[in-house]
Amino acid sequence: MTLTPVLAVDHVKKVYTTGTRHVEAVRDLHFDVARGELVCVVGPSGAGKTTLLRCIAGLMDVTAGEVRLEGSAISGPPRGMAVVFQEYGRSLFPWMTVRGNVELPLKEKKVPRARRTVLVDEALATVGLDHVHDSYPWQLSGGMQQRVAIARAVAYEPHILLMDEPFAAVDAQTRADLEDLIRELWARLRVTVLFVTHDIDEAVYLGERVLVLSNSPTVVLEDVRIDLPGERDQLGTRALPRFAELRAHVYGLVQQAKRGVRAVPADASPAGQTLQYERKPS
Ligand SMILES: Nc1ncnc2c1ncn2[C@@H]1O[C@H](COP(=O)(O)OP(=O)(O)OP(=O)(O)O)[C@@H](O)[C@H]1O
């Protein structure tokens, strides 16, 4: 029996059209994400990572192909999805308390008040912020604000969590803490996560798979299985020889992507256990 993937990105193409100008940002992206997977996406700057995420989040139409969430085609922001963006400063409402920010999407989802209280309390405790319910976002550090954004996504009880470079604007120590928080939440809540990052080390540390995108117009250059132990910690995991191999492998792929390479033969991938996808001829 074949299980329906939570997320199916089915030969997606995206062309931006401004007046008479056409920019083919994404050529043919094709991959599935199974329930409970944590999949990272890396690629050179301008590879189309944000474009892909916006298409998946239903924030923009695809030019061809289809994105399906639990078997249904996406044609607008789907209810079972939560998104955490890089700009936490802009994603939180400064005139609302932390509690108000986390509760807002639940009100929009028409969750009854008593249930909302439980969900907000649990989510804030989960991200270690149960002492700042009544603070305003601008009274918190950047890392704390990003925790509020994560709590808001978690409280929503999404089937899939999309994250677009969520830690790019925080310092290295906070970033490491937030990475561990995501692994911990993912393991505990069994939520499916698609995580876009510029950072190759972060992708290998976090992911069960790393999708390496080619340069724009984008295809999946390689889908690398990250066969590191499930229990990860910043010092031990990053010191493993296998971590170094996978990191070097993904780094090499990103360098190839920058040079315009769009296809890697399966047998040229000794370090990663590549998953191959059938491509439509373009
Ligand atoms: N609104 C737009 N109109 C026209 N072209 C666009 C638009 N948005 C993005 N592009 C182009 O699409 C391509 C992919 O951009 P996108 O922002 O998705 O890449 P990215 O991988 O997220 O980049 P970065 O890593 O630098 O954030 C780029 O060539 C970009 O110039």
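Residues numbered from 1 in each chain as written. Predicted model: local features only at pLDDT ≥ 70, side-chain atom pairs only at ≥ 80, totals over all residues. Heavy atoms only, no water.

Draft legend 1. The arrangement of the site of the ligand in detail. Neighbouring the ligand are Tyr16, Ala25, Pro44, Ser45, Gly46, Ala47, Gly48, Lys49, Thr50, Thr51 and His198. Residue Lys49 places a side-chain N or O atom 2.8 Å away from an oxygen atom belonging to the ligand. In the environment of the ligand, an oxygen atom lies 3.0 Å from a nitrogen or oxygen atom belonging to the side chain of His198. Among the elements that take part in the shell around the ligand, helix H1 (residues 49–56) stands out by supplying three residues, more than any other. Its residues assigned to classes, the shell around the ligand shows four nonpolar, six polar and one charged. (Near = heavy atom within 4 Å. Polar contact = N/O pair within 3.5 Å; in protein donor to acceptor, adjacent residues only side chain to side chain. Helix = DSSP H or I, 4+ residues; strand = E, 2+ residues; numbered from the N terminus. Nonpolar A, V, L, I, M, F, W, Y, C, P; charged D, E, K, R; others polar.)

Draft legend 2. Focus on the pattern of salt bridges. In total, this model carries 22 salt bridges according to the counting rule given. With its nearest N and O atoms 3.9 Å apart, the salt bridge here joins Arg225 to Glu37. Here the residue Arg225 occupies a position in strand E10 (residues 218–225), and Glu37 occupies one in the loop between strand E2 (21–33) and strand E3 (38–42), the gap between them amounting to 188 residues. Judged by relative accessible area, which is 30%, Arg225 ranks as partly exposed. Judged by its relative accessible area of 14%, Glu37 is buried. Arg247 is the salt-bridge partner of Asp201, the closest N and O atoms lying 2.6 Å from each other. Of the two residues, Asp201 sits in helix H7 (residues 200–206) while Arg247 sits in helix H9 (residues 241–258), which places them 46 residues apart along the sequence. (Salt bridge = Lys/Arg side-chain N within 4 Å of Asp/Glu carboxyl O. Buried < 20%, exposed > 50% of the residue type's maximum accessible area, 1.4 Å probe, protein only.)

Draft legend 3. Broad picture of unusual backbone geometry. Here Ser216 and Pro217 are connected by a cis peptide whose omega angle stands at -5 degrees. Tracing the sequence through the fold places Pro217 in the loop between strand E9 (209–213) and E10. We note that Glu70 has phi near 50 degrees; this positive angle belongs to a residue other than glycine. Among the secondary structure elements, Glu70 is positioned in the loop between strand E4 (64–69) and strand E5 (72–73). With relative accessibility at 32%, the residue Glu70 sits in the partly exposed group. The backbone of Glu157 shows a phi angle near 50 degrees, a positive value even though the residue is not glycine. Here Glu157 lies in the loop between helix H5 (142–155) and strand E7 (160–164).

Draft legend 4. The packing of aromatic side chains, seen in detail. Taken as a whole, this structure holds three aromatic pairs when the rule is applied. Aromatic side chains Phe93 and Trp95 sit 5.0 Å apart centroid to centroid with 40 degrees between the ring planes, which places their arrangement in the tilted category. Looking at Trp95, the relative accessible area reads 59%, which means it is exposed. Between Phe167 and Phe195, the ring centres sit 5.6 Å apart and the planes meet at 55 degrees, which makes this aromatic pair tilted. Of the two residues, Phe167 is situated in the loop between E7 and helix H6 (172–189) and Phe195 in strand E8 (residues 192–196); the sequence distance between them amounts to 28 residues. Residue Phe195 is classed as buried on the basis of its relative accessible area, which comes to 0%. The ring of Tyr16 carries the charged tip of Lys14 above its face, separated from the ring centre by 5.5 Å. One residue, Arg238, lies across the ring of Tyr205, its end atom 4.7 Å from the ring centre. (Phe/Tyr/Trp six-rings, centres within 6.5 Å; stacked < 30°, edge-to-face > 60°. Lys NZ or Arg CZ within 6 Å of the ring centre and 35° of its normal.)

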